[in-house]
Amino acid sequence: MKMHVDYEWSIRKLKEDPSDESAAGIPLEALVKMGPVPPVVSRDEKAASPGGAVSAARAIGAVGALGRLINLLRRRDRLSLEEAALKAQVDLAELLRIEKEEHYKPRPRTIVQLAGLFKVPVDQLSKIAGLKIAEDPALEQATLKFAAHSEQLTQLSKTERDALNEYLAVLTQRKK
Amino acid sequence: MRELLGHFALLNRASGKEERAELYSQIDAKNLSDFTRYWRPMVAERLSQLPRGATPADANLQDWHWDWAQKAEVFTGRLAYRSFALEHADRTQGLMVCSLVRRVREKSRLNQHLVYIEFVQTAPWNNRHYTTTPVYKGVGNTMVAAAISLSLEEEFEGRIGLHSLPQSEAWYREYCQMTDLGVDDQYQGLRYFEMTSEQAARFLK
Amino acid sequence: MLERKTMTLNLHESEMVVLDTLAERKGLSKTALIRQALRLYQSVEERLEQGQKFFFEHPLSKEKAELIVL
């Protein structure tokens, strides 16, 4: 590749440049905190990426469980998507993806915010979201059962409400 | 394959004199080793000195990891990415990774090709965020010029784009004279800037 | 400068028309366009090998249409 400037140019620019404050793309703090460079993407992380969350979700046992849970919690609290996004201070487009896309793996911060809004343990929600892979047969069982009993309706039916409450009881009992 | 692209001046702030740095076309093992051995400890040291609450929350840092995991490919030699390293005094002074497959967002040239700077950083010892006595000035100029040169070589007419970190917004907007396209909610709330071919030509003058 | 290699490309008339049209529209030489196509192909191929799918999303409805991958 040919550079279109030379040494003389760089000397001139040094005189003009007030600060040389040129950071872009990612803070050094984040790079440093995340571990080795180049970033090592483990097989689990690759499988759990937004385009291929199947393996991670299978670790808990039900693809789409997160979306359904968030959807029911939102409707339980009588919040529209916009209201929920605003209250949780998360991106509306991402909230829509969580509810609509079975294999979507959300940002960690979004899970933290949603856990806060709906008063669900962050740790458990992270596992269901595929952000944490952990052997948890009881949670897997509960997730499967919840996924089987919940359906997409505009109003929370008694069946949905019972399934939701039962699942929430499991999640809150299993706080670390 | 890595090549020496040229020599460019860095200003030694202590002596007030220019020194010759080497710009290379690819980040290599030595640059990564320098990052681990010399960059990381300074950043970690600074992080540990800051009062609680002053650093980004762990969840926010995990968000970066989420984003960056998508970019891990930038280090695996894909054709879509080019990296650059600026070296001097046997240390890596600056690092940059660029993508060749992003498109212009600015309306006048919407969807045309540009070089997108995935990441550019000067070494922490050159950076006021990590030291009260920054050593060298001039890394940013050379890196932006490298991105524009890459854009010209790829026939993208010098167009470049990037998401600025907050402390650098004024530099990109006022000194580099880039177009501010506003905060990008899809990318950590960073502000997105683009340089048109005309702006690029002025920068290279 | 890193060495570049030259090759001959045999295309059908219809493919040449597409190449000419796209190059003009994108302000690229035919060579630059083909290089860009190669970058995209490599990126797509690697993700497909990981089991990911390629979608286009409608800007308003957010409806996704799966790209038919050759």
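Residues numbered from 1 in each chain as written. Chains lettered and ligands numbered in written order. Predicted model: local features only at pLDDT ≥ 70, side-chain atom pairs only at ≥ 80, totals over all residues.

Novice: Requested: an account of the nonpolar core, with residues and values cited.
Specialist: Core analysis: the largest hydrophobic core is formed by 63 residues, its most contacted members being M96(B), C98(B), I117(B), A146(B) and A147(B). The dominant element in this core, judged by the number of residues it contributes, is helix α3 (residues 139-153) of chain B, at nine residues. Beyond its immediate sequence surroundings of up to four residues, A146(B) is in contact with M3(A), L5(B), L23(B), F84(B) and M96(B). Core analysis: the next-biggest nonpolar cluster, separate from the first, contains 30 residues, L66(A), A163(A), L168(A) and L171(A) among them. (Core = buried A, V, L, I, M, F, W, Y, C linked by C-beta atoms within 7 Å. Buried ≥ 20, exposed ≤ 12 C-beta atoms within 10 Å, placed from the backbone. Helix = DSSP H or I, 4+ residues; strand = E, 2+ residues; numbered from the N terminus. Contact = placed C-beta atoms within 7 Å.)

Novice: Any chance you could break down the pairing of strand β3 (residues 81-88) of chain B for me, citing the residues and the numbers?
Specialist: The side chains of a regular strand alternate between the sheet's two faces. Residue and element names in this part refer to chain B. For β3, the tally of buried residues reaches seven of eight residues, placing the bulk of the element in the interior. Across three bridges, strand β2 (residues 17-24) lies against β3 in antiparallel orientation. Residue pairing in the sheet places L23 in a bridge with L86 of β3. Where β3 lies against strand β4 (residues 91-103), eight bridges are found, and the strand directions are antiparallel. Note that in β4 the partner of S83 across the bridge is V97. Joining the antiparallel neighbours β3 and β4 is a turn of two residues, in which A89 adopts a positive phi near 55 degrees. (Pairing = 2+ DSSP bridges.)

Novice: So what's going on with helix α5 (residues 65-76) of chain A? Residues and values would help.
Specialist: Given 3.6 residues per helical turn, the α-helix brings residues three or four places apart onto the same face. Residue and element names in this part refer to chain A. With twelve residues, α5 should reach 16 Å at 1.5 Å per residue; the first-to-last C-alpha distance of 16 Å fits that figure. When you tally the buried positions in α5, you get ten out of twelve residues, the bulk of the element. Those residues of α5 lying buried are A65, L66, G67, R68, L69, I70, N71, L72, L73 and R74. Immediately downstream of α5, the backbone of R78 shows phi near 55 degrees, a positive value. (Expected span 1.5 Å × (residues − 1).)

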